[in-house]
Structures are given as structure tokens and as C-alpha cells.
Amino acid sequence: MLTENAEIDAIKKLQQGPDHYLLTEVAYPVVVNGKKYTDAKNPILNYEGSTYIPLAKIGELTGVNYKWNAGLKQVEIVSAPAASSDVSAPSDDSFKDFLEELEKSGNVYH
């Protein structure tokens, strides 16, 4: 059994090809709602300038729900409902704006 560092080193040594992708752990912090994301078992990775964040972890930090739709073979992401009727739900554009801002900074969320 490989240690976590040995696994990361082994992954880094893979040659890029049609079936392999070289992912590297990011060296920059990712902060969600003021909280720095850290999880050694589910690290944030980078591939050719794009940032890949585990969906389950982002869901936990933001309250966004997601599920796998086996029938349609797709991931479905739904914003959490508002806590009460006095509070309006975030606009559909707020998540789009967040993604556009990440892309502008060179860090694309996938």
C-alpha cells in the first residue's frame, strides 16, 4: 500500500496521454464563505490552469445540494432553499457570477 505522498508522486509521474491527466495539488488557498478549505484526503487539484474542487466538500461548505441522476446520467446541483419566506433565495445568476469570477482569475471550477 502506498502512502499518500507516494501516491501523489506516482500520479505526478504519469505521462499525459489520451487516458491519463497530470493533476497537481494546488499551492494557493481556496476560501469559501471566509473558511479556508483544507482536506488531505480530498485535495483541491489543478489541471492545465483549471482548479478542481471535490463537489461533496463544496456542497458541505456552501449548503448546495447535489445528486447523481442515474436515469439521465448527470450530476444535478440545487441551491439550498431559503430558511424562511422572509428571506429571498439567491438568484440563479449568483452561482453563474461566482463561476465567471473564478474563470477571470484563471481558476475555473469544474
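Predicted model only: the values in this text are computed from it and were never measured.

This brings us to the pairing of strand S7 (residues 74-78). Walk down a regular strand and you will see the side chains alternate between the two sheet faces. Bridge count between strand S6 (residues 65-69) and S7: 5 bridges; the pairing is antiparallel. Paired with Lys-67 across the strands is Glu-76, a residue of S7. Connecting S6 to the antiparallel partner S7 that follows it, the hairpin turn spans 4 residues, and Lys-73 within it adopts a positive phi of roughly 55°.

This part is about the nonpolar core. Counting 7 residues, the largest nonpolar core is built from Val-26, Val-30, Val-32, Tyr-37, Ile-44, Ile-53 and Ile-58. Among residues more than four places away in sequence, those in contact with Val-30 are Lys-35, Lys-36, Tyr-37, Ile-44 and Ile-53.

Let us now look at the pattern of salt bridges. Pairs can form between side chains of opposite charge once their charged atoms are near each other. In total, this model carries 3 salt bridges according to the counting rule given. One salt bridge in this structure joins Glu-60 and Lys-57, with 3.9 Å as the shortest N-O distance. Of this pair, Glu-60 and Lys-57 both sit in helix H2 (residues 55-62), 3 residues apart, which is roughly one turn of the helix. Note on Glu-60: relative accessible area 60%, which makes it exposed. As a salt-bridge pair, Glu-76 and Lys-67 come within 3.9 Å of each other at their nearest N and O atoms. Several salt bridges converge on common partners, so that one network encompasses Asp-39, Lys-57 and Glu-60.

Let's shift gears to the confidence of the model for the protein chain. Fine structural detail should not be taken from predicted coordinates in areas where pLDDT scores are low. Looking at the protein chain, pLDDT values average 75 and 55% of them are 70 or higher. Within the protein chain, strand S1 (residues 24-25) carries the highest mean pLDDT (92), whereas helix H1 (residues 4-13) carries the lowest (63).

Here Val-26 lies in the loop between S1 and strand S2 (31-32). Val-26 gets classed as buried once you look at its relative accessible area, which sits at 17%. Val-26 sits 19 residues away from Leu-45 along the chain, and the two C-alpha atoms are 5.4 Å apart. Excluding its chain neighbours within four sequence positions, the residues that come into contact with Val-26 are Ile-44, Leu-45 and Asn-46.

It is worth spelling out unusual backbone geometry at this point. One non-glycine residue with positive phi stands out, namely Asn-33, at about 50°. Secondary-structure assignment places Asn-33 in the loop between S2 and strand S3 (35-36). Positioned with a positive phi, Glu-48 is a non-glycine residue whose angle comes to about 50°. For Glu-48, the location among the structural elements is in the loop between strand S4 (45-47) and strand S5 (50-52).

Criteria and thresholds
- Residues numbered from 1 in each chain as written.
- Predicted model: local features only at pLDDT ≥ 70, side-chain atom pairs only at ≥ 80, totals over all residues.
- Heavy atoms only, no water.
- Pairing = 2+ DSSP bridges.
- Helix = DSSP H or I, 4+ residues; strand = E, 2+ residues; numbered from the N terminus.
- Core = buried A, V, L, I, M, F, W, Y, C linked by side-chain atoms within 4.5 Å.
- Buried < 20%, exposed > 50% of the residue type's maximum accessible area, 1.4 Å probe, protein only.
- Contact = heavy atoms within 4.5 Å.
- Salt bridge = Lys/Arg side-chain N within 4 Å of Asp/Glu carboxyl O.
- pLDDT = per-residue confidence, 0-100.

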